[in-house]
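The chain contents come next:
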Amino acid sequence: MKHRAVANISRLPTYDFGASTPMWWGTLAFIALEATGFALAIGAYLYLASVSPQWPIAAPPPDLFPGTAILVVLIISVVPNHMVEQWARRQDLAKVRVGMIVMSAVGFLPLLLRIWEFAALEIRWDQNAYGSIIWFIVGLHTTHLLTDVGDTVVLAVLMFTDKGNTGRRFSDVADNAFYWDFVVASWVVLYFVIYWFPRM
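Please read these numbers as outputs of a predicted model, since none were measured by experiment.

**Student:** Any details on the overall build of the protein chain? Residues and values, ideally.
**Tutor:** Check the secondary structure of the protein chain and you find five helices and zero strands. Scanning the protein chain from its N terminus toward the C terminus, one meets helices and strands in the order α-α-α-α-α. For the protein chain, the C-alpha radius of gyration of 21 Å lies well beyond 16 Å, the compact-globule estimate for 200 residues. The C-alpha extent of the protein chain, read off along each of the three principal axes, is 80 × 45 × 25 Å. A total of 200 residues make up the protein chain; the buried ones form 44% of that total. About 11,000 Å² of surface is accessible on the protein chain, with carbon and sulfur atoms providing 69% of the total. For the protein chain, the separation between the mean place of its 13 positive charges and that of its 14 negative charges on side chains is 13 Å.

Right, here's the structure in full:
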């Protein structure tokens, strides 16, 4: 029995960008899972606030400056992040290399500010339920920052190797930018919960 070729797909691309790739959907699923974790943490925070006669418990509201500084840095970082994504889609290797170095540096800045922020929460993690939940929420977001900064640094290094100038790698850069937007957006929500809810 002879087999007849139905279609020659050898020239089809092995990569793409956005919703047409399995990696993008995997990233979206990862974001949904982590967003659920943040929602549960916020729910625990609001529950504790609702059953406590005083909120915050035995502590003033956190110092606004460190958290606000992180918020400003993260919001500003959206601009170079989207520029890198567009350069990746155009497969402009030189610009992507520069952009990934910039985003790596930008990623470390809120981590450095976060050290200051923990000290400015005005309470220790083991002092009471309020201290435990805000340290947990800030620590959870810090974990996401570390994860994405680590991924960004690895991708930045790869872009300077022979493996960097491939369509698949440019697609990875675009997906990394997608995840960074989630890290930024999640902090906008958490910032208002941690810093402004206790002042209402």
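**Student:** Describe the layout of surface pockets, listing the residues and the values that go with them.
**Tutor:** Roughly 220 Å³ of volume is contained in the largest pocket. Around the largest pocket, the lining residues are Met23, Gly26, Thr27, Phe30, Thr147, Asp148, Asp151, Leu155, Asp172, Asp175, Asn176 and Tyr179. Mapped by element, the contributors of at least two residues to the lining of the largest pocket are α1 (22–51), α4 (129–158) and α5 (167–196). Residue classes in the lining of the largest pocket are distributed as four nonpolar, four polar and four charged.

**Student:** So, the packing of aromatic side chains: which residues are in play, and what are the values?
**Tutor:** Evaluated as defined, the whole model comprises twelve aromatic pairs. Ring geometry for Phe118 versus Trp135: centroids 4.8 Å apart, planes at 35 degrees, classification tilted. Of this pair, Phe118 sits in helix α3 (residues 93–119) while Trp135 sits in helix α4, and the two are 17 residues apart along the sequence. Note on Tyr191 and Phe192: the rings are 5.4 Å apart at their centroids and 80 degrees apart in plane angle, and the pair reads as edge-to-face. Grouping aromatic residues by their ring pairs yields a cluster made of Phe30, Phe38, Tyr179 and Phe182.

**Student:** So, a nonpolar patch on the surface: which residues are in play, and what are the values?
**Tutor:** A cluster of nonpolar side chains, namely Leu109, Leu112 and Ile115, defines an oily patch on the protein surface of about 310 Å² accessible area. By secondary structure assignment, the location of Leu112 is in helix α3. Classification of Leu112 as exposed rests on a relative accessible area of 57%.

**Student:** So what about empty space enclosed by the protein? Which residues, and what values?
**Tutor:** This model, assessed by the stated rule, comprises one cavity of 30 Å³ or more. Looking at the largest cavity, its volume works out to about 40 Å³. Asn81, Met103, Gly107, Asp148, Val149, Thr152, Asn176, Ala177 and Trp180 are the residues that line the largest cavity. Residue assignment for the lining of the largest cavity shows that the elements contributing at least two residues are α3, α4 and α5. The residue makeup of the lining of the largest cavity, split by class, is four nonpolar, four polar and one charged.

Criteria and thresholds
- Starting from 1, residues in each chain are numbered consecutively following that chain's sequence as written.
- Note on the predicted model: pLDDT of at least 70 is required for a residue's local features to be given, and 80 or more for side-chain atom pairs to be given and counted; whole-chain, interface and lining totals, by contrast, use all residues.
- The side-chain quantities take in all heavy atoms of the structure and omit both hydrogens and water.
- Helix and strand assignments come from DSSP, with helices taken as H or I runs of at least 4 residues and strands as E runs of at least 2, each series counted from the N terminus.
- The globule rule is 2.2 Å times the number of residues to the power 0.38, and the radius of gyration it is compared with is taken over C-alpha atoms.
- Think of it in three bands: with a 1.4 Å probe and only protein chains considered, a residue is buried below 20% of the maximum accessible area for its type, exposed above 50%, and partly exposed in between.
- Here the accessible surface of atoms and residues is derived via Shrake-Rupley with a 1.4 Å probe, and residues count as covered only by protein chains that are part of the display.
- Charged residues are defined here as Lys and Arg on the positive side and Asp and Glu on the negative side; His and the ends of the chain fall outside this count.
- To locate a charge, the coordinates of NZ of Lys, CZ of Arg, CG of Asp or CD of Glu are taken.
- In this analysis, the protein atoms alone were mapped onto a 1 Å grid. Cavities are point sets where a 1.4 Å probe fits without being able to get out; pockets are open sets with protein on both sides within 12 Å along at least five of seven lines; lining residues have an atom within 4 Å of a point.
- Grid points are joined across faces, edges and corners, and a volume is the space filled by probe spheres set on the points.
- Three residue categories are used. Nonpolar comprises Ala, Val, Leu, Ile, Met, Phe, Trp, Tyr, Cys and Pro, charged comprises Asp, Glu, Lys and Arg, and polar comprises the others, including Gly.
- Two rings from Phe, Tyr or Trp (for Trp, the six-membered ring) form a pair when their centres sit within 6.5 Å of each other. Planes less than 30 degrees apart are called stacked, planes more than 60 degrees apart edge-to-face, and all others tilted.
- Patch membership needs two things, relative accessible area over 30% and no salt bridge, and members are linked within 9 Å if like-charged or within 5 Å if nonpolar (Val, Leu, Ile, Met, Phe, Trp, Tyr).
- Any carboxyl oxygen of Asp or Glu within 4 Å of a side-chain nitrogen of Lys or Arg constitutes a salt bridge here.

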